[in-house]
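Structural overview
Residue strings, one per chain:
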Protein chains: 2
Amino acid sequence: MITDFSETLIVQEVSPRDGLQIEPTWVETVDKIALIDQLSLAGFSRIEAGSFVSPKAIPALRDGEWVFKGITRQPGVIYVALIPNLKGAQRALESSADELNLVMSASQTHNLANMRMRCEDSLAAFGEIVHYVGGTQVRLNGSIATTFGCPFEGKIDEDRVLQIVEAYQELGIQGITLADTTGMANPRQVDRLVRRVLQRVSPADLTLHFHNTRGLGLCNVLAAYEAGARRFDAALGGLGGCPFAPGASGNICTEDLVNLCDEIGIHTGIDLPLLLKLSRGLPALLGHEVPGQLAKAGRNCDLHPTPS
Amino acid sequence: MITDFSETLIVQEVSPRDGLQIEPTWVETVDKIALIDQLSLAGFSRIEAGSFVSPKAIPALRDGEWVFKGITRQPGVIYVALIPNLKGAQRALESSADELNLVMSASQTHNLANMRMRCEDSLAAFGEIVHYVGGTQVRLNGSIATTFGCPFEGKIDEDRVLQIVEAYQELGIQGITLADTTGMANPRQVDRLVRRVLQRVSPADLTLHFHNTRGLGLCNVLAAYEAGARRFDAALGGLGGCPFAPGASGNICTEDLVNLCDEIGIHTGIDLPLLLKLSRGLPALLGHEVPGQLAKAGRNCDLHPTPS
């Protein structure tokens, strides 16, 4: 059980990127900007606002430049862009992203399917990006997809994850994200791996990225927090998902996570009523229900009238 | 974090009762019997098979006698019936239920709304039932609804819950269920209350009943297990729900719970592939999707073919 409730849990809101990228419905640029601007007022210190990926690969996010140009930046908020390669880094810098999130899979098979290159080639490309970004104020974060399991290969050797963490650090990438890309993590595994990674990475530089594909997302957050992790990705409404598991949940749901923190007394600094309002607007924006529970159930403090 | 993985987690399957009672679609008696018979083969030691409540109050379960008469009982499986009053107890005994589950809310307001009587009157009625059942082999369990929060009153005083536990024990009711009727519990609260209750109730006699209304059901299971609880209610597919939160999840989902246990190494003795098969049949039976995640996503070991 968690015994330290004194430290803030930092939520990085990823709905504009990991949430929207899988949506079949085109979300207008103005609506993306409006969503990010509202999220910027909700108390997040970090928002993954978009990606600079090939528009053919991810057409839903092909308007990255316009989104970054259009948003109203709030002081103290870091606006992150996911980038797959040097060209993406160039576009992101031209769009004044504060931080670039690079991604490679721990699974060779998944990296080939997702990035269309071998892991060695991904790392070589990251070296070029680090060199390109050097001398700017832009931060770098390296995500390790399929850290906790691969839908093609199954279990991932923990030593391999540690080796990738080291490889990122040797390249000069300071931030590390352990990503449970298709929701295969369990709390015992999370506890073990987070403790190992925290021997090499400071809690301030480590992010955990969980999906709720098999219903364990928040269990994994609690296990990671107890093991010392303090920063978590989450998506409004639980947006996102996995093309291999249609109908299953996506990212852990931001408002469900913030509610959990509020209820057990972990500070997040995030405005839950505003999140609920935004989440309840998602079905109209996207044309379908979203997985988050709290927006449907309401908070505990939203009492019901006594039946007569 | 859980450190003791050596003890079995006992799952009481409640879908035939707490799952079906809220369903608007009538499930034929033969289909209920078929479901229970399949569940009886899946390795459960306890199944809440129905209730003997007024057919006007819960028409979906008005065929309790026929269900109990029609099922094929497996050795070692305890078939439980929920009963609201002495008349229900008489019907349950005539139907050879192995155990009667009595229920009263910790919240006076909720008990008035749900049972149409004050808590004192519920306790008096339980006294009559204990007397009536005395001398038979039938076991008694007392559920405390709204243990972790009431949708009308809000927070529930933990001392009040402890007093009800004592009142149940003084009446001679051995089994105790702490029920989070509308999904208001959080892991910190669960940890604290379970430890207190286990000072008075043996782990073999204590059941935790969680709903996933706000996405915290499995987090609460882990907190309760870590605090020493070993028996949990769950419903196939995550059936059930709360009339005050339409669209929100119901009971914690049995197959999601069993998968969690399998993944972290806690023994349940339950056949997960059979559960998944049964869960995947629910939408056809009920006419709607169900909340459980695992049936949509598949197990971690169900690998996907490598993309060409």
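Quick caveat: nothing in here was measured; it's all calculated off a predicted structure.

**Focus on the overall build of chain A**
Of regular secondary structure, chain A possesses 13 helices and 8 strands. What you see for chain A is a C-alpha radius of gyration of 18 Å, in line with the 19 Å of a compact globule of 308 residues. When the backbone C-alpha atoms are referred to their principal axes, chain A occupies close to 70 × 45 × 35 Å. Burial statistics for chain A: of 308 residues in total, 61% are counted as buried. Across chain A, the fraction of contacts at a sequence separation of at least 24, relative to all contacts at a separation of at least 6, is 74%. Of the roughly 11,500 Å² of accessible surface on chain A, 51% is carried by carbon and sulfur atoms. Put simply, chain A has 26 plus and 35 minus side-chain charges, and the middle of one group is 3 Å from the middle of the other.

**Side note on the pattern of salt bridges**
Where charged atoms from two side chains of opposite charge approach closely, those side chains can pair. Scanning the model with the defined rule gives 28 salt bridges over all chains in all. The residue Glu-99 of chain B makes a salt bridge to Arg-46 of chain B at a minimum N-O spacing of 2.6 Å. Note that Glu-99 of chain B is positioned in strand S4 (residues 99–105) and Arg-46 of chain B in strand S2 (residues 46–51), a separation of 53 residues in sequence. Both residues of the pair, Glu-99 of chain B and Arg-46 of chain B, count as buried. Here Arg-196 of chain B makes a salt bridge to Glu-158 of chain B, at a shortest N to O gap of 3.8 Å. With Arg-196 of chain B in helix H8 (residues 187–197) and Glu-158 of chain B in helix H7 (residues 158–171), this residue pair connects regions lying 38 residues apart in the sequence. Judged by its relative accessible area of 31%, Arg-196 of chain B falls in the partly exposed class. Bridged by salt links that share partners, the residues Glu-158, Asp-159, Arg-192 and Arg-196 of chain A form one connected network.

**Thoughts on the UniProt feature "domain: Pyruvate carboxyltransferase" (unreviewed entry) in chain A**
When the UniProt feature table is mapped to this numbering, "domain: Pyruvate carboxyltransferase" (unreviewed entry) covers residues 9–276 of chain A. As annotated, residues 9–276 of chain A has a helix share of 40% and a strand share of 16%, and its two end C-alpha atoms lie 19 Å apart.

**Re the sheet that holds strand S4 (residues 99–105) of chain A**
Two modes of strand pairing occur in sheets, parallel and antiparallel, and in both the strands are linked by backbone hydrogen bonds. All names here are of chain A. One closed barrel holds the 8 strands; their spatial order is S1-S2-S3-S4-S5-S6-S7-S8, and the pairing between them is parallel. Here the average twist between neighbouring strands, direction ignored, is 30°. Both strand S1 (residues 10–13) and strand S2 (residues 46–51) contribute to a ladder of 2 bridges, which runs parallel. Bridging from a neighbouring strand, Gln-12 pairs with Arg-46 of S2.

**Concerning the state of the cysteines**
This structure, assessed with the given rule, holds 0 disulfides over all chains. In this model Cys-150 of chain B remains outside any disulfide bridge; the closest cysteine sulfur is found in Cys-119 of chain B, 10 Å from its own. For Cys-150 of chain B, a relative accessible area of 0% gives the class buried. No disulfide involves Cys-301 of chain B; its sulfur sits 14 Å from the nearest other cysteine sulfur, which is in Cys-150 of chain A.

**Quick look at the environment of Ala-229 of chain A**
Residue and element names in this part refer to chain A. Among the secondary structure elements, Ala-229 is positioned in the loop between helix H9 (217–226) and strand S8 (231–234). A residue is classified by how much of its surface remains accessible, and Ala-229, at 0% relative accessible area, is buried. Not counting residues up to four positions away in its chain, the partners in contact with Ala-229 are Val-194, Leu-198, Leu-208 and Ala-224.

**A word on empty space enclosed by the protein**
A full pass over the atoms with the stated rule returns 6 cavities of 30 Å³ or more. In this structure, the largest cavity is lined by 15 residues; those nearest its centre are Leu-222, Ala-223 and Glu-226 of chain A together with Leu-222 and Glu-226 of chain B. Where the lining of the largest cavity is concerned, the elements lending two or more residues are H9 of chain A together with helix H9 (217–226) of chain B.

**Digging into the environment of Pro-203 of chain B**
All names here are of chain B. For Pro-203, the location among the structural elements is in the loop between H8 and strand S7 (206–209). Residue Pro-203 is classed as partly exposed on the basis of its relative accessible area, which comes to 37%. Residues Pro-203 and Arg-231 lie 28 residues apart in sequence; the distance between their C-alpha atoms is 7.6 Å. Each residue touching Pro-203, except ones within four places of it in the same chain, is listed here: Leu-198 and Gly-228.

**A look at the pairing of strand S5 (residues 139–145) of chain A**
Residues and elements named next belong to chain A. Counting buried positions over the 7 residues of S5 gives 6, a clear majority of the element. In the sheet, S4 pairs with S5 via 7 bridges, with the strands oriented parallel. Across the sheet, residue Ser-105 finds its bridge partner in S5, namely Ala-145. Here S5 pairs with strand S6 (residues 175–179) via 4 bridges, running parallel. Within S6, the position partnered with Asn-141 by the bridge is Gly-175.

**Quick word on the sheet that holds strand S1 (residues 10–13) of chain B**
Residue and element names in this part refer to chain B. Read around the closed barrel, 8 strands run S1-S2-S3-S4-S5-S6-S7-S8, paired in parallel fashion. Adjacent strand axes in the sheet meet at a mean angle of 30° when their direction is disregarded. Here helix H2 (residues 29–40) sits on the sheet and contacts S1, S2 and strand S3 (78–83); the angle it forms with S2, its principal contact strand, is near 165°.

**What about the relation of the copies chain B and chain A?**
Aligned on chain A, chain B shows an RMSD of 0.0 Å; the corresponding rotation is 180° and the shift along the axis is 0.0 Å. Look at the turn and shift together and you get a two-fold axis relating the two. Here 100% of the contact residues of chain B are again contact residues in chain A; the copies associate through an equivalent surface.

**Remarks on unusual backbone geometry**
Positive phi is not limited to glycine here, since Ser-96 of chain A has a value of about 60°. Its location among the elements puts Ser-96 of chain A in the loop between helix H4 (86–94) and S4. Ser-96 of chain A sits in the partly exposed class, given a relative accessible area of 43%. One non-glycine residue, Arg-116 of chain B, lies in positive phi territory at about 60°.

**Some points on H7 of chain B**
Every α-helix winds through 3.6 residues per turn, so residues three or four apart in the chain are directed the same way. All names here are of chain B. The terminal C-alpha atoms of H7 lie 20 Å apart, and with 14 residues this matches the ideal 20 Å at 1.5 Å per residue to within 8%. Taken as a whole, H7 has its buried residues at Glu-158, Val-161, Leu-162, Ile-164, Val-165, Ala-167 and Tyr-168. Looking at the buried residues of H7, the elements they touch are S4, helix H6 (119–133), strand S5 (139–145), strand S6 (175–179) and H8. N-capping of H7 is provided by Asp-157, with a side-chain oxygen placed 3.0 Å from the backbone N of Asp-159. Once H7 ends, the next one or two residues include Gly-172, with phi positive near 100°.

Thresholds applied
- Residues numbered from 1 in each chain as written.
- Chains lettered and ligands numbered in written order.
- Predicted model: local features only at pLDDT ≥ 70, side-chain atom pairs only at ≥ 80, totals over all residues.
- Heavy atoms only, no water.
- Helix = DSSP H or I, 4+ residues; strand = E, 2+ residues; numbered from the N terminus.
- Rg over C-alpha atoms; globule rule 2.2 N^0.38 Å.
- Buried < 20%, exposed > 50% of the residue type's maximum accessible area, 1.4 Å probe, protein only.
- Contact = heavy atoms within 4.5 Å.
- Areas by Shrake-Rupley, 256 points an atom, 1.4 Å probe, with all protein chains shown as cover.
- Lys, Arg positive; Asp, Glu negative; His and termini not counted.
- Charge placed at Lys NZ, Arg CZ, Asp CG, Glu CD.
- Salt bridge = Lys/Arg side-chain N within 4 Å of Asp/Glu carboxyl O.
- UniProt positions renumbered as here; feature names shortened; annotations may be inferred.
- Pairing = 2+ DSSP bridges.
- Axes fitted to C-alpha atoms, helices over the stretch in contact; angles between N-to-C directions.
- Disulfide = S-S within 2.5 Å.
- 1 Å grid on protein atoms, 1.4 Å probe; cavity = no way out; pocket = protein on both sides within 12 Å on 5 of 7 lines; lining within 4 Å.
- Points joined across faces, edges and corners; volume = space filled by probe spheres on them.
- Least-squares fit on C-alpha atoms with pLDDT ≥ 70 in both.
- Expected span 1.5 Å × (residues − 1).
- Polar contact = N/O pair within 3.5 Å; in protein donor to acceptor, adjacent residues only side chain to side chain.

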